Amino acid sequence: SPSNPVVLTEGVFAGQLAIGDVTYGGLQRAYLEDVAGQEQGAVFRMTQGLESGVSRTSVGPDGAIYVGGTGEGGNWGESGKLRFGLQKLVPVNEDSFDMKEMRVVEGGFEIEYTDPVSDEVVEKLADAYQVKQWRYVPTQQYGGPKVDEEPLFVTDATVSEDRTTVTLKIDGLKPGHVVYIRSPRPFASADGAELLSTEAWYTLNSLPGYVAPADRGWYEAELAQPLGSSSIGSDHSNYSGSGFAAGMTNVGAGRTFSVTAPEAGTYAVNVRYANGTHPYPDLRSKRVSLYVNGEDLGQWTFPTTGSWKDWGVQTRDLELQAGANTITLKYEDGDEGNINIDV
Ligand SMILES: [Ca+2]
């Protein structure tokens, strides 16, 4: 359970965030970058084993990090530790070796280290990394399930001339996922220091060069821009991609698809959706508001599909312009909403 982030002002990690945790006495470190307008990045362990769970973190005028304990026990504390505390943290080991930054590049990541990696690491470079990705389903509860976990494989690894940066090519990366990278020890610097923190978690909202499933002729709804309470579901089978747009349960919920048309004209636009059964026949069709490039085209009716795992297709001819377009399906006042959209 993270507490307040602070920007580090001194040292090798200046400009990065330190984030306390109230349920264990530690700090995480976050490196952020702007990728196509998305602020995203990686989290690394920074320190742990402090006197109590961390409620407040601040950077003093001396550049040291000061952490304040939670003052609480129970869920908000670490067993066997103090309930309170004020600690000053300063770097004590100049030779410490760590991942400094993890940056997404087309088809993979660049990991920059605080020092050059050893000859032994260079020799086994592509095998020095274990990679997985997964995503979370947003819910109205505290947290949401971790789904779609899959191992990924490093297909190529190269090291920079100064040996501080390793570039990994990884097959199968998908936006909207967390990418986890682990470099098991032995993984040492050229000076012989073992890697301090062997793990990194990168929240991959935007992946440069990613070719969406649109090249197959459709757009996955779960990857379209969510509006309002729209969430990603995977609890009904027979969907395409990694799930479907769920949560169209409140006015304002929906999705905006960014679609590309080769030339201006009329296109048959299909929506693959599910509309589970309703006890009252009159209420079985659901209406949703349609916008194309911001223009209100009124309601679109989606008849029942009989169950939430049976998917139907509704088609409408829509005028699209050459190049980029937006198509929005949204639950508005006067609509029934409450459909799941797959593609
Ligand atoms: Ca889908």
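Look up a bit, the structure's there.
Reference entry: report on the structure contained in this document. (Residues numbered from 1 in each chain as written. Predicted model: local features only at pLDDT ≥ 70, side-chain atom pairs only at ≥ 80, totals over all residues. Heavy atoms only, no water.)

**Focus: the overall build of the protein**
Stage number 1. Assigned secondary structure in the protein consists of one helix and 25 strands.
Stage number 2. Its C-alpha atoms give the protein principal-axis dimensions of roughly 70 × 50 × 35 Å.
Stage number 3. Expressed as a percentage of its 343 residues, the buried residues of the protein come to 43%.
Stage number 4. Sequence separation of at least 24 residues holds for 63% of the intrachain contacts in the protein that already meet a minimum separation of 6.
Stage number 5. Summed over its atoms, the accessible surface of the protein is roughly 17200 Å², and 50% of this surface lies on carbon and sulfur atoms. (Helix = DSSP H or I, 4+ residues; strand = E, 2+ residues; numbered from the N terminus. Buried < 20%, exposed > 50% of the residue type's maximum accessible area, 1.4 Å probe, protein only. Contact = heavy atoms within 4.5 Å. Areas by Shrake-Rupley, 256 points an atom, 1.4 Å probe, with all protein chains shown as cover.)

**Observations concerning the coordination of the calcium ion**
Stage number 1. Every protein donor of the calcium ion is accounted for by Glu220 (OE), Glu222 (OE), Glu222 (OE), Ser240 (O), Gly243 (O), Asp342 (O) and Asp342 (OD), and the metal-donor separations fall at 2.2 to 3.0 Å.
Stage number 2. Mapped onto the polypeptide sequence, the residues donating to the calcium ion form the spacing pattern E-x1-E-x17-S-x2-G-x98-D. A single burial state applies to Ser240 and to Gly243, both of which are buried. (Donors = N, O, S within 2.8 Å, 3.2 Å for Na, K, Ca; no water.)

**Looking at the sheet that holds strand 6 (residues 65-69)**
Stage number 1. Here we have three strands laid out as an open sheet, ordered 5-6-7, and antiparallel in their pairing. The sheet is open, and its two borders are formed by strand 5 (54-59) and strand 7 (86-89), each paired with just one other strand. In this sheet, neighbouring strand axes are inclined to one another by 20° on average, regardless of whether the strands run parallel or antiparallel.
Stage number 2. In terms of strand pairing, strand 6 meets strand 7 through four bridges, oriented antiparallel. Of the residues in strand 7, the one forming a bridge with Ile65 is Leu89. (Pairing = 2+ DSSP bridges. Axes fitted to C-alpha atoms, helices over the stretch in contact; angles between N-to-C directions.)

**Quick look at the side chain of Glu220**
Stage number 1. Within the fold, Glu220 resides in the loop between strand 15 (199-204) and strand 16 (225-227).
Stage number 2. For Glu220, a relative accessible area of 3% translates into the label buried.
Stage number 3. Within the structure, Glu220 has its side chain in polar contact with the side chain of Ser240 (distance 2.3 Å). (Polar contact = N/O pair within 3.5 Å; in protein donor to acceptor, adjacent residues only side chain to side chain.)

**Some thoughts on the pairing of strand 9 (residues 108-113)**
Stage number 1. Burial within strand 9 is extensive, with five of its six residues counted as buried.
Stage number 2. When strand 8 (residues 99-105) meets strand 9, the two strands line up antiparallel, connected through six bridges. Within the sheet, the bridge partner assigned to Met99 lies in strand 9 and is Tyr113.
Stage number 3. In this structure, the hairpin formed by strand 8 and strand 9 is closed by a connection of two residues, where Gly107 is found at a positive phi of approximately 75°.
Stage number 4. Sheet analysis places strand 9 next to strand 13 (residues 165-170), joined by five bridges and oriented antiparallel. Bridge pairing in strand 13 links Ile111 to Val166.

**Let's talk about the side chain of Ser183**
Stage number 1. Mapping Ser183 onto the fold places it in the loop between strand 14 (177-182) and strand 15.
Stage number 2. Given a relative accessible area of 0%, Ser183 falls into the buried group.
Stage number 3. Beyond its immediate chain neighbours, meaning those up to four positions away, Ser183 contacts Tyr113, Ala128, Tyr129, Leu195 and Thr198.

**A word on the packing of aromatic side chains**
Given two aromatic rings, their pairing is described by the distance between the two centres and the angle made by the two planes.
Stage number 1. Taken as a whole and judged by the stated rule, the model has 11 aromatic pairs.
Stage number 2. Their ring planes at 75° and their centres at 5.8 Å tell us that Tyr129 and Phe187 sit as a pair that is edge-to-face. In this pair, Tyr129 is assigned in the loop between helix 1 (119-123) and strand 10 (130-136) and Phe187 in the loop between strand 14 and strand 15, connecting sequence segments 58 residues apart. Neither Tyr129 nor Phe187 differs from the other in exposure class; each is buried.
Stage number 3. Joined through ring pairs, the aromatic side chains of Phe97, Tyr113, Tyr129 and Phe187 make up one cluster.
Stage number 4. Above the ring of Phe13, the side-chain terminus of Arg29 is found at 3.7 Å from the ring centroid. (Phe/Tyr/Trp six-rings, centres within 6.5 Å; stacked < 30°, edge-to-face > 60°. Lys NZ or Arg CZ within 6 Å of the ring centre and 35° of its normal.)

**Topic: the nonpolar core**
Stage number 1. Counting 33 residues, the largest nonpolar core has Phe109, Tyr113, Tyr129 and Ile181 as the members making the most contacts within it.
Stage number 2. Where this core is concerned, the elements lending two or more residues are strand 3 (26-35), strand 4 (38-48), strand 8, strand 9, strand 12 (154-159), strand 13, strand 14 and strand 15.
Stage number 3. Apart from residues lying up to four places away in sequence, Tyr129 is in contact with Ile111, Tyr113, Val154, Val166, Leu168, Ile181, Arg182, Ser183 and Phe187. (Core = buried A, V, L, I, M, F, W, Y, C linked by side-chain atoms within 4.5 Å.)

**Let's talk about the pattern of salt bridges**
Once the charged atoms of two side chains with opposite charge are near each other, the side chains can pair.
Stage number 1. Per the stated rule, a full pass over the model turns up 14 salt bridges.
Stage number 2. Between Glu101 and Arg103 there is a salt bridge, with the nearest N and O atoms lying 2.6 Å from each other.
Stage number 3. Overall, Glu101 belongs to the buried group, its relative accessible area being 17%.
Stage number 4. A salt bridge links Glu149 to Lys132, with the nearest nitrogen and oxygen atoms 3.3 Å apart. Placement of the pair is Glu149 in strand 11 (residues 146-152) and Lys132 in strand 10, with a sequence separation of 17 residues. (Salt bridge = Lys/Arg side-chain N within 4 Å of Asp/Glu carboxyl O.)

**Topic: unusual backbone geometry**
Stage number 1. For the bond from Arg185 to Pro186, the omega torsion is 5°, close enough to zero to count as cis.
Stage number 2. Even without glycine at this site, Arg163 takes up a positive phi of about 65°.
Stage number 3. Mapped onto the elements of the fold, Arg163 is located in the loop between strand 12 and strand 13.
Stage number 4. Residue class for Arg163 comes out partly exposed when judged on its relative accessible area of 28%.
Stage number 5. For Asn293, which is not glycine, the phi dihedral falls at a positive 50°.
Stage number 6. Along the chain, the position of Asn293 falls in the loop between strand 21 (286-292) and strand 22 (295-302).
Stage number 7. Classification of Asn293 by relative accessible area gives partly exposed; the value is 31%.

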